[in-house]
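# Structural description and commentary
Listed here are the chains, written in short residue letters.
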Amino acid sequence: MNTTITYEFPLNERIRVFIRLEQLFQQFNHFLTGETVADKRAAISILLDIMTIFRRNDLKSEILKELDRHANVLNKIAHNQGVDTLKLEELLDTLSQTSKKLYATNGKIGTHVMESDLFQSIAQRSSIPGGTCSFDLPEFHYWLEQDEATRLKDMQHWSSPFADIRTAIDLILNFIRNCSSPTQEVAEAGFFQFLLDTNQPHQLLKVSLDKSIHCFAEISGGKHRCTIRFMVPSSDNKRPSQSPDDIPFALTCCLF
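Here's what I pulled together on the structure shown here. Note that the structure is predicted; figures quoted are calculated from it, not measured. (Residues numbered from 1 in each chain as written. Predicted model: local features only at pLDDT ≥ 70, side-chain atom pairs only at ≥ 80, totals over all residues. Heavy atoms only, no water.)

## Details of the sheet that holds strand E2 (residues 183-187)
Sheet strands associate in pairs through backbone hydrogen bonding, adopting either a parallel or an antiparallel arrangement. Strand order in the open sheet made by the 4 strands is E1-E4-E8-E2, with antiparallel pairing throughout. Each edge of the open sheet carries a strand with a single partner, namely strand E1 (4-10) and E2. Looking at each pair of strands side by side, their axes are set apart by 30° on average, direction ignored. Where E1 and strand E4 (residues 204-210) come together, 7 bridges link them in antiparallel fashion. When the bridges of E4 are listed, Pro-10 appears paired with Leu-204. Taken strand by strand, helix H1 (residues 13-32) contacts E1 and E4, and its axis lies near 135° from that of E1. (Pairing = 2+ DSSP bridges. Helix = DSSP H or I, 4+ residues; strand = E, 2+ residues; numbered from the N terminus. Axes fitted to C-alpha atoms, helices over the stretch in contact; angles between N-to-C directions. Contact = heavy atoms within 4.5 Å.)

## So, the side chain of Lys-206
Tracing the backbone shows Lys-206 in strand E4. Buried and unpaired, Lys-206 has no salt bridge, with Glu-8 as the nearest side chain of opposite charge at 5.5 Å. A polar atom in the side chain of Lys-206 sits 3.1 Å from the backbone oxygen of Arg-177. (Buried < 20%, exposed > 50% of the residue type's maximum accessible area, 1.4 Å probe, protein only. Lys, Arg positive; Asp, Glu negative; His and termini not counted. Salt bridge = Lys/Arg side-chain N within 4 Å of Asp/Glu carboxyl O. Polar contact = N/O pair within 3.5 Å; in protein donor to acceptor, adjacent residues only side chain to side chain.)

## Re a negative patch on the surface
A cluster of acidic residues, Asp-84, Glu-89, Glu-90 and Asp-93, forms a negative patch on the protein surface. Relative to the assigned elements, Glu-89 resides in helix H4 (residues 85-103). (Patch = residues over 30% accessible without salt bridge, like charges linked within 9 Å, V, L, I, M, F, W, Y side chains within 5 Å. Areas by Shrake-Rupley, 256 points an atom, 1.4 Å probe, with all protein chains shown as cover. Charge placed at Lys NZ, Arg CZ, Asp CG, Glu CD.)

## Some thoughts on H4
Taking 1.5 Å of rise per residue, 19 residues should cover 27 Å, and H4 covers 27 Å from first to last C-alpha, within 8% of that figure. In this structure, the buried side of H4 is in contact with helix H3 (59-76) and helix H8 (163-177). (Expected span 1.5 Å × (residues − 1).)

## A word on the packing of helix H2 (residues 37-56) against helix H7 (residues 148-159)
It is the contact of H2 with H7, at a shortest axis distance of 11 Å, that shows an interaxial angle of 10°. Classified by the interaxial angle, the pair formed by H2 and H7 is roughly parallel. Facing H2, whose interface residues are Val-37, Lys-40, Ala-43, Ile-44 and Leu-47, H7 presents Glu-148, Arg-151, Met-155, Trp-158 and Ser-159. Along the lines of polarity and charge, the residues of the contact of H2 with H7 split into 6 nonpolar, 1 polar and 3 charged. (Parallel < 35°, antiparallel > 145°, perpendicular 65-115°, else oblique. Nonpolar A, V, L, I, M, F, W, Y, C, P; charged D, E, K, R; others polar.)

This is the structure we're talking about:
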């Protein structure tokens, strides 16, 4: 059983978008496997959120740059003493195959989804609160009442363009999260501030503390300086307050 809770803080916009997409993909998979009408409605709503992120960002280019960077770093350490060369070759092959699949993708990812009249109608009405009721979209209501096999087939077709992107994001974030070892720190009176080495490509901060500690980590900062405040939730719906206690925690500065 996990006895710690971890808070993550991305240090650049690229990683921020990747983590948001990771969360959306996880939620989408959760509701995709559900068989109720509510599950399918939730899955489509999340898919629309994913598409919105893709419309606003050139993610294919960003992900390919990150995959290439990771491959270069791994190639540089390939001959270091103590490196598991077999495992490293497997990782490099996975990176290569993922990059090839993305390079082979034509056009903007996900645009073909809107070729479906049904999905296009759902997307147009979803901007209205409660706008996909049965009287608004009878075709959608009909689709929701079909057997699970039919609905699942359509959902998998609509989400298929994002499969390789999700694989790439999972790969990148896994590398970043596991590239560095944590240090044990103490936040005096719930406050901790530190400087980052600007010559190092820091990507992400991880703050882990025991679940028995009655506070949460509020992280802020940028490329140069970061601040962590451990806040105590209010019991009377007021604003949380900074803990007066010294809080032990683990800090990981991920810089793959």
